[in-house]
Amino acid sequence: MFLQRASVLLIVLGFALFTFVMAGPRAGLLVLVGLGFGLVLEGLRFGFAGPWRMIVTDRDGRGLLAQLIAIALVAVVAFPLMAGSGGELVAAHAPVGVGMILGAFVFGAAMQLVMGCGSGTLVNAGSGNLVGLIALAGFIAGSFIGTLHLGWWASLGTLPVISAQGSFGDTGGLVLTLVGLALVAAFTYLRSAPGKRMPPRRLWIAAALIAVLALANLVIAGQPWGIVYGLGLWGAKIAQAGGADLASTAFWATEGNATRLAESILTDVTSLTNIGLLIGAFAVMRWRADPGAQTQALTLVSYGAVLGAALILGYSARMAFGCNVGAFFSGISTGSLHGWVWLVAAFAGSILGIKLRPILLRPRISGGAYA
C-alpha cells in the first residue's frame, strides 16, 4: 500500500513539475487546479449528472443543492472580479439559439446514458471505469465533429449574447443571479423528500472547494472553468495527425483556434485542467486501500450504446456552447442568460435520458453470458 501511494504521489507531482518546466508557471498552476478538481469530484463524490438523476428518481435534492451553492459562491466573487479586471477576465457568455437549445436538450439525455457529463466523463475515465473510458473516446470524437458543423447550427438562428451584467449592471446582475439560484434551490428543497433535502457536510465542503478552484481557474487562466473546448482540441489534433486538413474549416481556421491547434497541448488552458482532472481522479482511486467495485459490466450492445451516446454527448456539447461545467456552472456564475436556458433544456433532456437508461443499459448476466 505504501509503494502504491508513493507511486501515485510521484505521478501527480512529476506531471505538475513537468508542466512547470515545459510550459511555464501558469500552465503548472492550471494543472494543479485541475488536480484539485479531480481530487474533490472523485474524493468527495461531487457530481452533476448523478444528482440530476437523483432529484427525479428518488426526490433527493442534496447533490443539486450543493451545485447551486457552489455556483452562488463563485458568482459572489466572480462578478466584482470581472468588473474590476479591465477586461482581463472574461465571462462564459454565449448566445441563445435554436441549435444551442437543441444541443443542451440532447446533451442532458446523453449524459444519463454515459453516466456522466463532461467533468464526470473525465472523472470516470481517470478512475479506470470502462464506461468512462469508452465515453471519453466518444466525447472527444463527437466534440471535434461538432466544431465542423457549428456554423450550420448557428445559422438556424441565434439571439445576441445577453448577460446579467449587460442588462442590469454588475451589482444588479449579481443580485438577479443570486435570486434566480435561490428560487431554483427553494424549488429543489420543496421537491425533495424529507431527509433528502439538506446536503451533508461532505457536499458543503466539496461545494466550497469547487468554488475556490473555479475562482482560481478564472484568475489564472483569465476565463472560467470549462471542459468541452479542450476535448474538441484533442480530437482535432488526432485528426490532424491522421492527415486531416483542418485549415479550410471555419472553426479551426480562426486565428485563436489555429494557434492552439499548431502549438503544444500544454499551452491550452482548458486542456491543462482536463488533464489535471484526469490525474486527480486517478490519484484518488489508487490512493484508496479499497477503491470499491467498478460499474456493473454491461452487455456488448449496451457498451455500443454508451459509445454512440458519448459521440452524441460531445457533439451536442459543442452545439450548446458547453456542458454542465462550461454552460451551467460557469455560465450562470458569470452572468450568462445562456447558462439558465441551458439548465432548463438540459434538465428536460436528462429526464428523457433517465427513462432510456433501463432500455439501453443492460447489465451482463453473471457467469459470462449476456442478457
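Residues numbered from 1 in each chain as written. Predicted model: local features only at pLDDT ≥ 70, side-chain atom pairs only at ≥ 80, totals over all residues. Heavy atoms only, no water.

Caption draft 1: Summary view of the overall build of the chain. Counting secondary structure elements, the chain contains 16 helices and zero strands. Radius of gyration (C-alpha) of the chain: 20 Å, near the 21 Å computed for a compact globule of 371 residues. If one aligns the C-alpha atoms of the chain with their principal axes, the spans along those axes are about 60 × 55 × 45 Å. When the accessible surface of the chain is totalled, it reaches about 15,600 Å², and 70% of it is carbon and sulfur. A distance of 16 Å separates the average location of the 20 positive side-chain charges in the chain from that of its 10 negative side-chain charges. (Helix = DSSP H or I, 4+ residues; strand = E, 2+ residues; numbered from the N terminus. Rg over C-alpha atoms; globule rule 2.2 N^0.38 Å. Areas by Shrake-Rupley, 256 points an atom, 1.4 Å probe, with all protein chains shown as cover. Lys, Arg positive; Asp, Glu negative; His and termini not counted. Charge placed at Lys NZ, Arg CZ, Asp CG, Glu CD.)

Caption draft 2: Here's a closer look at the nonpolar core. One finds F46, F107, W225, F328, F329 and W342 to be the most contacted residues of the largest nonpolar core, which totals 88 residues. Apart from residues lying up to four places away in sequence, W225 is in contact with F37, L41, S119, I210, N217, L277, V325, G326, F329 and S330. Core analysis: the next-biggest nonpolar cluster, separate from the first, contains 10 residues, F144, L150, Y229 and W252 among them. (Core = buried A, V, L, I, M, F, W, Y, C linked by side-chain atoms within 4.5 Å. Buried < 20%, exposed > 50% of the residue type's maximum accessible area, 1.4 Å probe, protein only. Contact = heavy atoms within 4.5 Å.)

Caption draft 3: Region of interest: the environment of G226. Following the sequence through the fold, G226 ends up in the loop between α9 (201–221) and α10 (228–241). Between the C-alpha atom of G226 and that of G331, which follows or precedes it by 105 residues, the distance is 9.7 Å. Dropping the residues within four chain positions of it, G226 is found in contact with T270, T273, N274, V325 and G326.

Caption draft 4: Layout of a nonpolar patch on the surface. Together, L17, F18, V21 and M22 line one region of the surface with nonpolar side chains, adding up to about 440 Å² of accessible area. One can find L17 in helix α1 (residues 2–23). (Patch = residues over 30% accessible without salt bridge, like charges linked within 9 Å, V, L, I, M, F, W, Y side chains within 5 Å. Salt bridge = Lys/Arg side-chain N within 4 Å of Asp/Glu carboxyl O.)

Caption draft 5: Structural detail: α10. Its 14 residues place the ends of α10 20 Å apart at the C-alpha level, agreeing with the 20 Å of an ideal helix rising 1.5 Å per residue. For α10, a buried count of 11 out of 14 residues is recorded, marking the element as mostly surrounded by other parts of the structure. All of the buried residues along α10 are V228, Y229, G230, L231, G232, L233, W234, G235, A236, K237 and A239. Positioned one or two residues after α10, G243 has a phi angle of 105°, which is positive. (Expected span 1.5 Å × (residues − 1).)

Caption draft 6: Broad picture of the side chain of E42. Its place among the elements puts E42 in helix α2 (residues 25–43). Under the relative-accessibility criterion, E42 is labelled buried at 13%. Sequence-distant contacts of E42, defined by excluding residues within four places in its chain, comprise V123, S127, A281, V284, M285 and R288.

Caption draft 7: Focus on unusual backbone geometry. Even without being a glycine, R59 presents a positive backbone phi close to 50°. For R59, the location among the structural elements is in the loop between α3 (49–57) and α4 (62–83). With a phi close to 60°, F321 is a non-glycine residue in the positive phi region. Assignment of secondary structure puts F321 in the loop between α14 (300–319) and α15 (324–333).

Caption draft 8: Spotlight on the packing of aromatic side chains. Following the criterion strictly, the structure yields 14 aromatic pairs and no others. Ring centres of F15 and F18 lie 6.2 Å apart, and the angle between their planes is 35°; on these two criteria the pair is classed as tilted. With F15 and F18 both in helix α1, this residue pair falls three residues apart, about one helical turn. Residue F15 is classed as partly exposed on the basis of its relative accessible area of 21%. (Phe/Tyr/Trp six-rings, centres within 6.5 Å; stacked < 30°, edge-to-face > 60°.)

Caption draft 9: Molecular detail of the environment of L44. With respect to the helices and strands, the residue L44 is situated in the loop between α2 and α3. Assessed through its relative accessible area of 23%, L44 is described here as partly exposed. Taking the C-alpha atoms as reference, L44 lies 9.8 Å from V284; in sequence the two are 240 residues apart. Leaving out residues up to four positions away in the same chain, L44 has contacts with L39, R202, L203, I205, A206 and L209.

Caption draft 10: Seen up close, the confidence of the model for the chain. Of all residues in the chain, 96% have pLDDT values of 70 or greater, and the mean over the chain is 94. pLDDT under 50 marks residues 367–371. Its contacts with residues more than four places away, or in other chains, come to nine contacts. (pLDDT = per-residue confidence, 0-100.)

Caption draft 11: Focus on the pattern of salt bridges. As enumerated under the stated definition, the model contains three salt bridges in all. In this structure, R288 and E42 form a salt bridge, with 3.1 Å as the shortest nitrogen-oxygen distance. Of this pair, R288 sits in the loop between α13 (269–287) and α14 while E42 sits in helix α2, placing them 246 residues apart in sequence. With a relative accessible area of 23%, R288 lands in the partly exposed category. Between R62 and D60 there is a salt bridge, with the nearest N and O atoms lying 2.7 Å from each other. R62 sits in the partly exposed class, given a relative accessible area of 27%. Taking relative accessible area as the criterion, D60 reaches 9% and is therefore assigned buried.

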